[in-house]
Amino acid sequence: MILKRYALIDKHIYILALMKFVNSLCNFVIPFLSLYCTSTLGLSIWDTGIIVSISNVFSIVAILIGGRLSKKVSNKKNFVVYMYLLSAVCYILVVIIESVVFKILLIIIGFTLSSIAIPMIDYFVGHFSREEDNKVAFSLIYLSHNIAIGIGAMFSGILFSINSNLIFIFDALTIIFSTLIIIIFFDFKGDTYNTKRHFEDIQRLQKNKMKVPKYKKIFLIVMVIYAISYAQVNFLLPIFLNKYSTAAGSQIYGVLMSTNAITVIIFTPIVTSISNKICTTIALIIAGGLFMAGYMGYNINLSIIVLGTTTLIWSLGEIFCSINHMPLLIENENKSEIGVYSSYANTANRLGTVVSSLIGAGLVNLCGYRYIWIIVGFVVMAGVVLMCISHKLYLLKK
């Protein structure tokens, strides 16, 4: 049934999914930024931390700007093309220029420019899909992104070990190829909704008043909480495994991340089918419950079976959250506001990620490592409670 739903969505969604796949295939610069700064540029941990933080802050600002521009820029296709190509040029210049300062500036500028385009891509997904197909459309984009990340992870470390400049070259090349896909195959000539809807959009733009319902505001807070807890997988989990596991922590962590990737690829169509049959807010409550159960499971036992099972559980939560968060935010909204809501969602997610390491380190200093995942689970529980409140308000709104 879900495969039939995938077959019925607009062809532009498939083009966007292909573009996302190519773009994500060698998305290496930011994941390897800290390693590049320390091992290649010879910077200190402190300086590296500042650079990574500045990059994230600039990307958050860029996403918010991109969301606003998505309402005002008429030729959105060309805007995305220019942002991506300029980003690719920045990454190529990193390889050519010798100055460490200019290398860092170009990395930050390149990341910022690509971040501006993010709300535009989400706008296109919402624009070319019917409201009842939003979950299917966003799940296809999410699935293509994760398949590409999984493939890229197989050779990213090898490229970096051969020559660290290769991560910039390959990242730039995939950006250029993904941009060519947009230029050649993506046909977007402007907004084409009915006259009444178009008139309403113009009126709202002129008044410059976009009222965000309370249940959506609460959900954005939930997104920050979910992002804080999810980011601990990258921050706390490797340290936790290395401290308490009898086997090599890095090897176990690699197995768990592979489990996550496989789960996402196999179960995304199934979770999409389930999500289409239930209320969107309920799906996001389920996401929080799975996050909570999965994270707390790490404190049960460190056998590979338990670790793999708990990873599978929170991975299902990741799928539920990724598929349903944008459909909830853009539900019953004018097409012109999709990009703005995308900027809110991505800002909430990145904000949670930025502060996650500080919160994780603070929790460890306060409570120690032994029961840290129980505490992370309770953090998620706060998000689930807020999501339940959002659900009640959502039902009242309906």
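Residues numbered from 1 in each chain as written. Predicted model: local features only at pLDDT ≥ 70, side-chain atom pairs only at ≥ 80, totals over all residues. Heavy atoms only, no water.

In terms of helices and strands, the chain carries 16 helices and zero strands. Taking 21 Å as the expected radius of gyration for a compact globule of 398 residues, we find that the chain reaches 21 Å, a close match to that expectation. Its C-alpha atoms put the chain at 65 × 55 × 40 Å along the principal axes. Looking at the chain as a whole, 53% of its 398 residues are labelled buried. Relative to all contacts within the chain whose residues are 6 or more apart in sequence, the contacts with residues 24 or more apart total 85%. For the chain, the accessible surface area stands at approximately 18,100 Å², while carbon and sulfur atoms represent 69% of it. (Helix = DSSP H or I, 4+ residues; strand = E, 2+ residues; numbered from the N terminus. Rg over C-alpha atoms; globule rule 2.2 N^0.38 Å. Buried < 20%, exposed > 50% of the residue type's maximum accessible area, 1.4 Å probe, protein only. Contact = heavy atoms within 4.5 Å. Areas by Shrake-Rupley, 256 points an atom, 1.4 Å probe, with all protein chains shown as cover.)

A few words now on the environment of I109. Position of I109 relative to the elements: it lies in helix α6 (residues 100-116). The spatial distance from the C-alpha of I109 to the C-alpha of S59 is 9.2 Å, given a sequence separation of 50 residues.

What follows concerns helix α9 (residues 166-185). Over its 20 residues, α9 runs 28 Å from end to end, which matches the ideal 28 Å to within 8%, given 1.5 Å per residue. Buried residues of α9: I167, F168, D171, A172, T174, I175, S178, T179, I181 and I182, and no others. Elements that come into contact with the buried residues of α9 comprise α2 (11-25), α3 (33-40), α5 (76-96), α6 and α8 (134-162). (Expected span 1.5 Å × (residues − 1).)

In this section: the packing of aromatic side chains. Enumeration over the complete set of coordinates arrives at 18 aromatic pairs. Taken together, Y226, Y230, F240, F291, Y295, Y298, W314 and W373 form an aromatic cluster joined through their ring pairs. Sitting over the ring of Y123, K76 keeps its end group 4.8 Å from the ring centre. Across from the ring centre of Y341, 4.8 Å away, lies the NZ or CZ of K216, which sits over that ring. (Phe/Tyr/Trp six-rings, centres within 6.5 Å; stacked < 30°, edge-to-face > 60°. Lys NZ or Arg CZ within 6 Å of the ring centre and 35° of its normal.)

To continue, consider the side chain of S87. Here S87 shows up in helix α5. Once residues within four sequence positions are removed from consideration, S87 is found in contact with G110, L113, S114 and I175.

Glancing now at the packing of helix α4 (residues 45-72) against helix α15 (residues 338-367). Following both chains from N to C, one finds α4 and α15 inclined at 170 degrees, their axes separated by 7 Å at the closest point. Considering the angle they form, α4 stands roughly antiparallel to α15. Two secondary-structure elements touch here, α4 through N56, S59, I60, I63, L64, G67, R68, S70 and K71 and α15 through G339, V340, S343, Y344, N346, T347, R350, L351 and V354. (Axes fitted to C-alpha atoms, helices over the stretch in contact; angles between N-to-C directions. Parallel < 35°, antiparallel > 145°, perpendicular 65-115°, else oblique.)

Following the sequence through the fold, F219 ends up in helix α11 (residues 214-244). For F219, a relative accessible area of 0% corresponds to the buried category. Between the C-alpha atoms of F219 and L386, which are 167 residues apart in sequence, the distance is 7.5 Å. For F219, the residues in contact, after removing those within four places along its chain, are L284, H325, L328, L329, M387 and S390.

All right, on to α4 then. If you check α4, its first and last C-alpha atoms are 41 Å apart, about what 28 residues at 1.5 Å a residue would give, namely 40 Å. Among all positions in α4, only T48, I51, S55, S59, I60, A62, I63, G66, G67, S70 and K71 are buried.

Membership of the largest hydrophobic core comes to 113 residues, with the highest contact counts inside it found for F124, L237 and W373. Considering each element in turn, this core owes the most residues, 14 residues, to α11. Setting aside its immediate chain neighbours within four residues, W373 contacts Q232, V233, L236, L237, F240, Y295, M296, Y298 and N299. (Core = buried A, V, L, I, M, F, W, Y, C linked by side-chain atoms within 4.5 Å.)

Let us look at the packing of α3 against α4. Axis separation between α3 and α4 bottoms out at 9 Å; the angle between their running directions is 145 degrees. The handedness of the crossing between α3 and α4 comes out as right-handed. On α4, the residues that touch L33, S34, C37 and T38 of α3 are I45, T48, I51, V52 and S55. Residues belonging to the contact of α3 with α4 are distributed by class as follows: five nonpolar, four polar and no charged. (Left-handed = near helix turned anticlockwise from the far one by under 90°. Nonpolar A, V, L, I, M, F, W, Y, C, P; charged D, E, K, R; others polar.)

With that settled, the discussion passes to the pattern of salt bridges. Under the counting rule described, the total for this entry stands at two salt bridges. Residue R130 is joined to E132 by a salt bridge in which the shortest nitrogen-to-oxygen separation is 3.6 Å. Given the relative accessible area of 48%, E132 is considered partly exposed. The salt bridge partner of R130 is D133, with a shortest N-O separation of 2.6 Å. R130 sits in the partly exposed class, given a relative accessible area of 47%. D133 sits in the buried class, given a relative accessible area of 3%. A cluster of three or more residues bridged by salt bridges with shared partners is formed by R130, E132 and D133. (Salt bridge = Lys/Arg side-chain N within 4 Å of Asp/Glu carboxyl O.)

Mean pLDDT over the chain works out to 86, with 92% of the residues at or above the 70 mark. By mean pLDDT, helix α10 (residues 195-207) is the weakest element of the chain at 47, and helix α13 (residues 280-297) is the strongest at 96. When the criterion is pLDDT under 50, residues 192-199 qualifies, and its contacts beyond four places in sequence or with other chains add up to ten contacts. (pLDDT = per-residue confidence, 0-100.)

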